[in-house]
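Close look at the chain arrangement
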Amino acid sequence: MSLTPASGIGRYYKNSAKIIRFVRLGCTNRPFYHIVVMERRKNQHQPVIEQVGTYDPMPNVQKERLVSFNFERIRYWLGRGAHLSTPAAELLGIAGFLPIHPRTYMTAWRNRQKVGRGEETDGKDPVAA
């Protein structure tokens, strides 16, 4: 059995619903996500149509979470009627490609409340939730 390329196979049913979502890769306690276009009813371990970005939620030595997008292809797939998963919509909102997702505001508000009460924030990334 040959493996499908990470960038996608490019084959899909013309009239099926598409979705832009995360596919979790990496190993235990070290997640890494590909942002992909898939048919909506397939699970994350089946072949994807196209990879349109990557997301590394673990902070590096500069405390940065690395993200890369191919905005041209995301715009193309959204124009073709692809849906967005909530985490992908949040990440695209933070990046400035879409309006900021309401869940991002709520996560920030909860973190401010925890800081105000003197609790330590969980440091949880609003997108990877």
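As shown above, the structure is provided for reference.
Description of the structure in this document. (Residues numbered from 1 in each chain as written. Predicted model: local features only at pLDDT ≥ 70, side-chain atom pairs only at ≥ 80, totals over all residues. Heavy atoms only, no water.)

Remarks on the overall build of the protein
What counts here: Comment: elements are numbered from the N terminus, with helices defined as DSSP H or I runs of at least four residues and strands as E runs of at least two. Here the term buried applies to any residue with accessible area under 20% of the maximum for its type, exposed to any over 50%, and partly exposed to those in between, with areas from a 1.4 Å probe on protein chains only. Working rule for contacts: check all heavy atoms of both residues, and any pair within 4.5 Å makes them a contact. Surface accessibility in these figures is a Shrake-Rupley result with a 1.4 Å probe; residues are shielded only by whichever protein chains are displayed.
Along its length, the protein carries three helices and five strands. Element order for the protein, N to C, with α for helix and β for strand: β-β-β-β-α-β-α-α. A burial count over the protein gives 31% of its 129 residues as buried. For the protein, the proportion of contacts with a sequence separation of at least 24, taken over those separated by at least 6, is 41%. About 8600 Å² of surface is accessible on the protein, with carbon and sulfur atoms providing 52% of the total.

Remarks on the nonpolar core
Generally speaking, a soluble globular protein has its nonpolar side chains buried in company with each other. Inclusion rule: Side-chain atoms within 4.5 Å are what join buried Ala, Val, Leu, Ile, Met, Phe, Trp, Tyr and Cys residues into a set we call a nonpolar core.
One finds Ile20, Phe22, Ile35, Val37, Val52, Tyr55 and Trp77 to be the most contacted residues of the largest nonpolar core, which totals 14 residues. Mapped onto this core, the elements with two or more residues apiece are strand S1 (18-27), strand S2 (30-39), strand S3 (50-56), helix H1 (71-79) and helix H2 (86-95). In contact with Ile20, not counting residues within four places along its chain, are Ile35, Val36, Val37, Val52, Ile74, Trp77, Leu78, Ala82, His83, Leu84, Ser85 and Ala88.

Remarks on the sheet that holds S3
Basically, it comes down to this: Think of it this way: DSSP has to see at least two bridges between two strands before they count as a pair. Helix axes are fitted to C-alpha atoms over the stretch in contact, other axes to C-alpha atoms as well, and angles between N-to-C directions run from 0 to 180 degrees.
Taken together, the five strands give an open sheet; going across it, the order is S4-S3-S2-S1-S5, and neighbouring strands pair in mixed fashion. Strands at the two margins of the open sheet, each flanked by one partner only, are strand S4 (66-69) and strand S5 (83-84). On the sheet, H1 packs against S1, S2, S3, S4 and S5 and is oriented at approximately 125° with respect to S3. On top of the sheet, H2 reaches S1, S2, S3, S4 and S5; it is set at about 90° to S1, its chief contact.

Let's talk about the pattern of salt bridges
Short version of the rule: Salt bridges are identified by distance alone: a Lys or Arg side-chain nitrogen within 4 Å of an Asp or Glu carboxyl oxygen.
As enumerated under the stated definition, the model contains three salt bridges in all. Of the charged contacts in the structure, one is a salt bridge between Glu50 and Arg73, with a shortest N-O distance of 2.9 Å. Remark: Arg73 occurs in helix H1 and Glu50 occurs in strand S3; sequence separation between them is 23 residues. Judged by its relative accessible area of 16%, Glu50 falls in the buried class. The class for Arg73 is partly exposed, based on a relative accessible area of 26%. Of the charged contacts, one joins Glu90 and Arg103 as a salt bridge, the two residues approaching to 2.5 Å between their closest N and O atoms. You can see Glu90 sitting in helix H2 and its partner Arg103 sitting in helix H3 (residues 102-117), a full 13 residues away along the chain. For Glu90, a relative accessible area of 0% corresponds to the buried category. A residue is classified by how much of its surface remains accessible, and Arg103, at 30% relative accessible area, is partly exposed.

Details of the pairing of S2
With eight of 10 residues buried, S2 lies mostly within the body of the structure. Taking the residues that link successive antiparallel strands as the turn, the S1-S2 hairpin has two residues, and the phi of Asn29 there is positive, at about 65°. Looking at chain direction, S2 and S3 are connected through five bridges and run antiparallel. Looking across to S3, one finds that Tyr33 is bridged to Tyr55.

As far as function goes, none of this settles anything; it's purely spatial.
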